[in-house]
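The residues making up each chain are set out below.
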There are 2 protein chains.
Amino acid sequence: MKTYRILGKNGDSIIQIGAGFDNLSGFPGGTKNFILTDHNIDRLYGRRFPQVAGVITIGTGEAVKTLETVRGIYEKLIALEADRSAFLLGIGGGIVCDIAGFAAATYLRGIRFALVPTTLLAQIDAAIGGKNGVNFHGFKNMVGTFRQPEFVLSDIAFLKTLPGREVRSGLAEMVKHAVIADPAMFSFLEKNWRAALALDPEVMEKLVHDAVVVKADVVNLDETETGERRKLNFGHTLGHAVEKTTGVPHGEAVSIGMIAASRLSVGLGLLPPADLERIEALLIKLELPVRLPSNLEKLLQALKKDKKREGEMIRFVLLKRIGETVIEEIPIEKLQSTIEGLPPSRESLKNRAESRT
Amino acid sequence: MKTYRILGKNGDSIIQIGAGFDNLSGFPGGTKNFILTDHNIDRLYGRRFPQVAGVITIGTGEAVKTLETVRGIYEKLIALEADRSAFLLGIGGGIVCDIAGFAAATYLRGIRFALVPTTLLAQIDAAIGGKNGVNFHGFKNMVGTFRQPEFVLSDIAFLKTLPGREVRSGLAEMVKHAVIADPAMFSFLEKNWRAALALDPEVMEKLVHDAVVVKADVVNLDETETGERRKLNFGHTLGHAVEKTTGVPHGEAVSIGMIAASRLSVGLGLLPPADLERIEALLIKLELPVRLPSNLEKLLQALKKDKKREGEMIRFVLLKRIGETVIEEIPIEKLQSTIEGLPPSRESLKNRAESRT
């Protein structure tokens with residue numbers, strides 16, 4: 001078991017990584033504990049939940065991440081007579097974590113809460129950093145607050161019931177954490193990618209911990225995302241546009257977005273081409289997509305529409321080397337020519353050759 | 001113009017008391033400012049609002065204080081293209097202040113905001129201290145957060161358009177602030193009650209300032225109401241029950257509640273009877289009701305129902321003298337006998353005699 005601490009404005013958050021779900025430390029005793037989870041997690045793990053005054057279950061999928069769902073949670077908390085001494089434990093993926101945080105931050109102007117993230121993505125991202133919220137009229141995370149959970153317990157054993165594609169999605173975000181801030185973690189991933197894909201507990205405990213440290217360090221510097229926290233968006237600017245136009249899962253879109261941002265970094269003379277090759281090679285080993293969509297025009301249109309309020313410039317997180325980012329304002333017009341002007345990388349040529357055989 | 005500062009966990013709040021609405025200092029320049037107000041204030045003062053990118057108006061009355069209204073505000077902010085750099089200025093009574101704070105605290109995980117309270121009650125209570133929120137299924141302030149406005153501007157001139165009964169309601173809360181923490185302010189009220197009722201600008205500026213200081217000092221010690229902040233509930237435990245069972249306005253119910261709590265304090269040997277007489281005399285001069293409802297039984301039933309989760313004991317804010325409170329757990333059973341067992345006070349006998357002539 002490894003632990004890490006985030007210092008929030010409204011109290012500290014203790015992150016525990018490893019085993020531990022069957023012996024939740026930090027969970028207060030008493031009669032005012034409640035669990036928020038989804039039907040899927042309840043079915044898989046409900047029998048192992050700690051004894052609480054009530055379990056509230058919600059559906060799965062992005063469509064449940066609404067104010068309506070939060071209203072339903074308020075209603076259940078009232079029916080269960082949850083008062084200001086109540087403690088809410090969210091057990092589930094990123095959606096459960098985001099909703100649990102928001103419901104806890106706003107019910108009776110804030111009750112105590114903690115999170116048990118059950119997906120790799122939630123363990124290294126959604127559950128860390130105190131962001132919570134719901135979508136509104138199709139806008140992602142339009143309504144929410146910043147509030148740190150009292151603790152986060154990331155039990156690696158949960159990952160065994162995840163579909164492989166979801167594990168790889170989480171690994172894409174993990175690569176992102178290494179690329180933006182931790183070259184040693186990147187090297188470890190290069191050496192241990194097979195063990196990571198196989199969810200080897202020791203390797204995963206180290207990787208989840210290192211990824212948490214990257215995110216938590218950024219959050220400690222910049223809880224409400226005005227400067228430093230922006231580097232966590234590496235690969236996400238184009239990634240979101242890919243997600244929107246092609247519908248591929250978030251992690252896969254981020255993989256493509258990281259390649260685009262890395263190529264852009266090389267094209268602007270910021271990043272040595274060898275670093276781009278290493279990033280591309282690792283993503284390919286982790287069975288993540290690295291090819292930009294053939295219709296780059298459509299992608300950039302989506303990006304333009306998404307960012308129209310910032311005008312013609314887009315703030316991009318770029319790389320100087322593996323482990324070091326730089327933020328630059330790039331004119332949208334320049335994006336297409338820079339990305340398309342790059343010769344295909346050795347790794348992607350190799351990959352294409354391999355996929356032909 | 002007097003100013004005062006509250007030190008919130010998420011930033012400081014500057015309270016400005018006096019004139020100043022026509023020359024809002026602290027309001028940022030730029031094109032991303034929005035106003036939230038109600039139809040009534042918009043009609044009376046809309047022409048004097050500062051130039052902003054959009055004015056959002058809501059209805060009046062407790063019935064609008066719901067999540068539905070907040071949803072409507074989110075929709076308008078989105079339509080007005082309010083982004084993270086937006087600044088929301090709430091101009092209105094306690095309801096507008098509570099809703100503006102909650103909408104600003106949750107839109108895009110929090111945008112900047114400030115308040116211009118236009119009622120006496122809001123100037124000394126709702127706008128001060130960072131509590132915000134809405135009602136939910138009939139439960140008051142069930143959903144909300146704690147977040148300090150960047151500034152509060154309390155312009156005494158707004159009070160001139162208030163109905164007299166609403167002014168007196170505000171004066172009841174003002175007496176409460178003096179009674180729980182500021183004996184000099186209480187003496188000032190005893191000497192200047194006529195000027196206060198007439199809304200004399202100089203007297204009111206001093207009184208609003210002193211009342212703000214009482215509340216702000218408590219908030220600075222205890223932002224999220226776990227200990228010290230509780231003394232602000234003086235007169236409110238029974239006051240809420242009076243409000244509920246008789247439907248009298250909040251301030252009048254608090255006046256009655258303060259008398260009940262003061263009598264209880266005398267009955268328990270905590271408060272010298274002379275202090276009770278002074279409190280009663282001042283409230284009578286301010287044309288506030290001081291007689292307990294004849295049906296005490298019904299009142300205590302309402303209280304019991306309201307507080308059922310705390311069991312048979314009620315935590316009461318009591319007085320040791322004017323300016324000093326003490327919190328005691330009182331068995332509900334003991335309440336009725338203690339309050340009824342007290343002889344009617346001299347002041348209330350005098351009052352009864354006067355009302356007979």
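Notes on the structure follow. Everything quoted here is computed from the prediction, not taken from an experiment.

Quick word on the overall build of chain A
At step 1: Helix and strand counts for chain A come out as 13 helices and 11 strands.
At step 2: Taking all 357 residues of chain A together, 55% fall into the buried category.
At step 3: Sequence-distant contacts, at least 24 apart, represent 70% of the contacts inside chain A between residues at least 6 apart.
At step 4: Within the structure as shown, chain A displays about 14,400 Å² of accessible surface, and the carbon and sulfur contribution to it stands at 50%.
At step 5: Placing the 46 positive and 43 negative side-chain charges of chain A at their respective mean positions leaves the two points 1 Å apart.

Comments concerning the pattern of salt bridges
All names here are of chain B.
At step 1: Applying the stated criterion across every chain yields a total of 28 salt bridges over all chains.
At step 2: One salt bridge connects D98 with K65, and the closest N-O pair in it is separated by 2.7 Å. One end of the pair, D98, is in helix α3 (residues 94-106); the other, K65, is in the loop between β4 (54-58) and α2 (67-79), and 33 residues separate them in sequence.
At step 3: Classification of K65 by relative accessible area gives buried; the value is 4%.

Focus: the packing of helix α6 (residues 183-197) of chain B against helix α10 (residues 273-285) of chain B
All names here are of chain B.
At step 1: Here α6 crosses α10 at 10 degrees, and the two axes come no closer than 10 Å. With respect to α10, the axis of α6 lies roughly parallel. Counting all contacts with α6, which are made through F186, S187, L189, E190, W193 and L197, the residues of α10 involved are R278, I279, L282 and K285.
At step 2: Among the residues forming the contact of α6 with α10, the class breakdown is 6 nonpolar, 1 polar and 3 charged.

With respect to empty space enclosed by the protein
Residue and element names in this part refer to chain A.
At step 1: Summed over the entire model, instances satisfying the criterion amount to 3 cavities of 30 Å³ or more.
At step 2: Counted as a void, the largest cavity has a volume near 60 Å³.
At step 3: In terms of lining residues, the largest cavity is bounded by C97, G101, F113, L115, A126, A127, I128, G130, K131, N132, R147 and P149.
At step 4: For the lining of the largest cavity, the secondary structure elements donating two or more residues are α3 (94-106) and β6 (112-117).
At step 5: Of the residues assigned to the lining of the largest cavity, the class counts are 7 nonpolar, 3 polar and 2 charged.

Some details on the interface of chain B and chain A
At step 1: Each partner contributes residues to the interface: chain B has 32 residues there, and chain A has 31 residues.
At step 2: For the pair chain B and chain A, the summed buried surface comes to about 3,100 Å²; carbon and sulfur atoms form 57% of the total.
At step 3: In this structure, the connection of chain B to chain A is made through 2 salt bridges.
At step 4: Among the ionic pairs, E68 of chain A bridges to R71 of chain B, the shortest N-O distance being 3.5 Å.
At step 5: At the junction of chain B with chain A, the criterion picks out 8 residue pairs in polar contact (both at pLDDT 80 or more).
At step 6: Among the secondary structure elements, those contributing two or more residues to the side of chain B that touches chain A are α2, α3 and β8 (139-143) of chain B.

Details of the environment of L288 of chain A
Residue and element names in this part refer to chain A.
At step 1: Here L288 is to be found in the loop between α10 (273-285) and α11 (296-306).
At step 2: Residue classification places L288 among the buried positions, given a relative accessible area of 5%.
At step 3: Once the C-alpha coordinates of L288 and G54 are considered, the two residues, 234 residues apart in sequence, prove to be 40 Å apart.

Overview of the side chain of D182 of chain A
Residue and element names in this part refer to chain A.
At step 1: Positionally, D182 belongs in the loop between α5 (164-181) and α6 (183-197).
At step 2: Buried charge without a salt bridge: D182, with K206 as the nearest opposite-charge side chain at an N-O distance of 6.5 Å.
At step 3: Those residues in contact with D182 that sit more than four places away from it in its chain are H177, D210, V214 and G323.

Considerations on the relation of the copies chain B and chain A
At step 1: Between chain B and chain A, the superposition needs a rotation of 180 degrees and an axial shift of 0.0 Å, giving an RMSD of 0.0 Å. With respect to symmetry, the two chain copies, as superposed, fit the operation of a two-fold axis. Scanning chain B for the C-alpha nearest the rotation axis identifies K9 of chain B, at a separation of 3.2 Å.
At step 2: Most of the interface of chain B is mirrored in chain A, where 97% of its interface residues are also at the interface.

What counts and how
- Along each chain, residue indices are assigned from 1 in the same order as the chain's sequence is written.
- Lettering of chains starts at A and numbering of ligands starts at 1, both following the order in which they are written.
- Totals for whole chains, interfaces and linings use every residue, but because this is a predicted model, local features are given only for residues with pLDDT of at least 70 and side-chain atom pairs only at 80 or more, for both listing and counting.
- Values reported for side chains reflect all heavy atoms of the structure, with hydrogen atoms and water molecules removed beforehand.
- Here a strand is any run of E in DSSP of at least two residues, a helix any run of H or I of at least four, and the numbering for each starts at the N terminus.
- Buried, partly exposed and exposed residues are distinguished by accessible area as a fraction of the type maximum, computed with a 1.4 Å probe on protein chains only: under 20%, between the cut-offs, and over 50%, respectively.
- Two residues qualify as a contact provided that any one of their heavy atoms is within 4.5 Å of a heavy atom in the partner residue.
- Using a 1.4 Å probe, the Shrake-Rupley method yields the accessible areas, and only the shown protein chains count as cover for residues.
- For the purpose of counting charges, residues Lys and Arg are taken to be positive, whereas Asp and Glu are taken to be negative. His and the chain ends are not included.
- Taken as the charge centre is NZ of Lys, CZ of Arg, CG of Asp or CD of Glu, depending on the residue.
- Counted as salt bridges are all cases of a side-chain nitrogen of Lys or Arg within 4 Å of a carboxyl oxygen of Asp or Glu.
- Angles shown run from 0 to 180 degrees and are taken between the N-to-C directions of axes, each axis being a line fitted to C-alpha atoms and, for helices, limited to the stretch in contact.
- When an angle is under 35 degrees it counts as roughly parallel; over 145 it counts as roughly antiparallel; between 65 and 115 it counts as roughly perpendicular; any other value is oblique.
- Throughout, the ten residues Ala, Val, Leu, Ile, Met, Phe, Trp, Tyr, Cys and Pro are labelled nonpolar, Asp, Glu, Lys and Arg are labelled charged, and all others, Gly among them, are labelled polar.
- Definitions used throughout: a 1 Å grid over protein atoms alone; a cavity as a set of points that fits a 1.4 Å probe which cannot get out; a pocket as an open set with protein on both sides within 12 Å along at least five of seven lines; a lining residue as one with an atom within 4 Å of a point.
- Grid points are joined across faces, edges and corners, and a volume is the space filled by probe spheres set on the points.
- By definition, the buried area sums, over both parts, the 1.4 Å-probe accessible area that each loses when the two are put together.
- For the purposes of these results, a polar contact is taken to be a pair of N or O atoms within 3.5 Å, where, inside protein, one atom must be able to donate a hydrogen and its partner to accept one; residues adjacent in sequence count only when each atom of the pair is a side-chain atom.
- Superposition of the copies used a least-squares fit over C-alpha atoms from residues whose pLDDT is at least 70 in both.

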